[in-house]
Amino acid sequence: MLRALIMDYGGVLTDRGDEVSDEPPLFGALRAARRHGLRTALLSNADGRGAPRPAWADLFDVMVLSGETEFAKPDRQIYLLTADRLGLHPEECVFVDDLAVNVRGAAAAGMVGVHHRSVEITLEELETLFAVPLKG
């Protein structure tokens, strides 16, 4: 059973798609996921300096930044660490990234990987995987 949605930041959460709105559309999808009882995490290769953590408290249960760990994507260990911090097994997690190498890394760690190519396609894939509405 899939119980968590893990997303990359740059190229995924920053993708505004075709919508004109105050925030990127996948932010709303994360909030919807949480309303449906899914755990959420940010997994980024960012160094961690200047991360707006308080502003994202309503989006993520866990934030894992490679600059604050000894691992970086696509190293298998960073995916296992993220699942562990969520209190879940990797096979209960879906990971979304715009780089195929990182999606393959997540899959090698046991997660379901979604290669982000557009907001619309990613939302359709996530709604199918989780069987819950995520579009705002």
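This is a predicted model, so every value here is computed, not measured.

A.B. asks: Please provide a residue-by-residue account of the overall build of the protein chain, values included.
C.D. replies: Each helix and strand counted, the protein chain has five helices and five strands in total. Shown N-terminal to C-terminal, the secondary structure of the protein chain runs as helices and strands in the order β-α-α-β-β-α-β-α-β-α. Over its C-alpha atoms the protein chain spans a radius of gyration of 13 Å, differing by no more than 12% from the 14 Å that the globule rule assigns to 136 residues. Here the C-alpha coordinates of the protein chain stretch approximately 35 × 35 × 25 Å along the principal axes. Burial status across the protein chain gives 45% buried among its 136 residues. Within the protein chain, contacts between residues at least 6 apart in sequence are counted, and of these 52% link residues at least 24 apart. A distance of 3 Å separates the average location of the 14 positive side-chain charges in the protein chain from that of its 21 negative side-chain charges.

A.B. asks: How would you explain the pairing of strand β1 (residues 4-7) if you had to name every residue and give the values?
C.D. replies: Side chains Ala4 and Ile6 project from β1 onto one buried face, and the interleaved Leu5 and Met7 project onto a second face that is buried too. Here four bridges tie β1 to strand β4 (residues 93-97), and the two strands are oriented parallel to one another. Residue pairing for β4: leucine 5 is matched across the bridge by valine 94.

A.B. asks: Give a detailed account of helix α5 (residues 119-130), specifying residues and quantitative values.
C.D. replies: Between the first and last C-alpha of α5 there are 16 Å, a value that for 12 residues agrees with the 16 Å anticipated at 1.5 Å per step. Within the sequence span of α5, burial applies to Val119, Thr122, Leu123, Leu126, Glu127 and Phe130. Along the axis of α5, the buried residues cluster in a sector spanning 130°; they form a single face. Downstream of α5 by one or two residues, alanine 131 has phi in the positive range, about 55°.

A.B. asks: Lay out the pairing of strand β3 (residues 62-65) with the relevant residues and their values.
C.D. replies: Residues Val62 and Val64 of β3 are buried on one face, and the alternating residues Met63 and Leu65, pointing to the opposite face, are buried as well. Examined bridge by bridge, strand β2 (residues 39-44) and β3 share four bridges and lie parallel to one another. Residue pairing in the sheet places leucine 43 in a bridge with valine 64 of β3.

So, how was this worked out
Here the residue index of a chain counts from 1 through its sequence in written order. For a predicted model such as this one, the threshold for reporting local features is a pLDDT of at least 70, and the threshold for listing and counting side-chain atom pairs is 80 or more; totals across whole chains, interfaces and linings nevertheless cover every residue. Each side-chain value is derived from all of the structure's non-hydrogen atoms; neither hydrogens nor water enter the calculation. Helix and strand assignments follow DSSP, with helices taken as H or I runs no shorter than four residues and strands as E runs no shorter than two, numbered in order from the N terminus. Taken over C-alpha atoms, the radius of gyration is set against a globule rule of 2.2 Å times the number of residues to the power 0.38. Burial here depends on accessible area, computed with a 1.4 Å probe over protein chains only, as a share of the maximum for the residue type. Under 20% is buried, over 50% is exposed, and the range in between is partly exposed. Pairs of residues are marked as contacts when any of their non-hydrogen atoms sit within 4.5 Å. Working convention for charge: Lys and Arg count positive, Asp and Glu count negative, and His plus the chain ends are omitted. Charge positions come from single atoms, namely NZ of Lys, CZ of Arg, CG of Asp or CD of Glu. Should DSSP find at least two bridges between two strands, the strands are regarded as paired. Expected helix span is computed as 1.5 Å times (number of residues minus one). What the arc measures is the spread of directions leading from the helix axis to the C-beta atoms.

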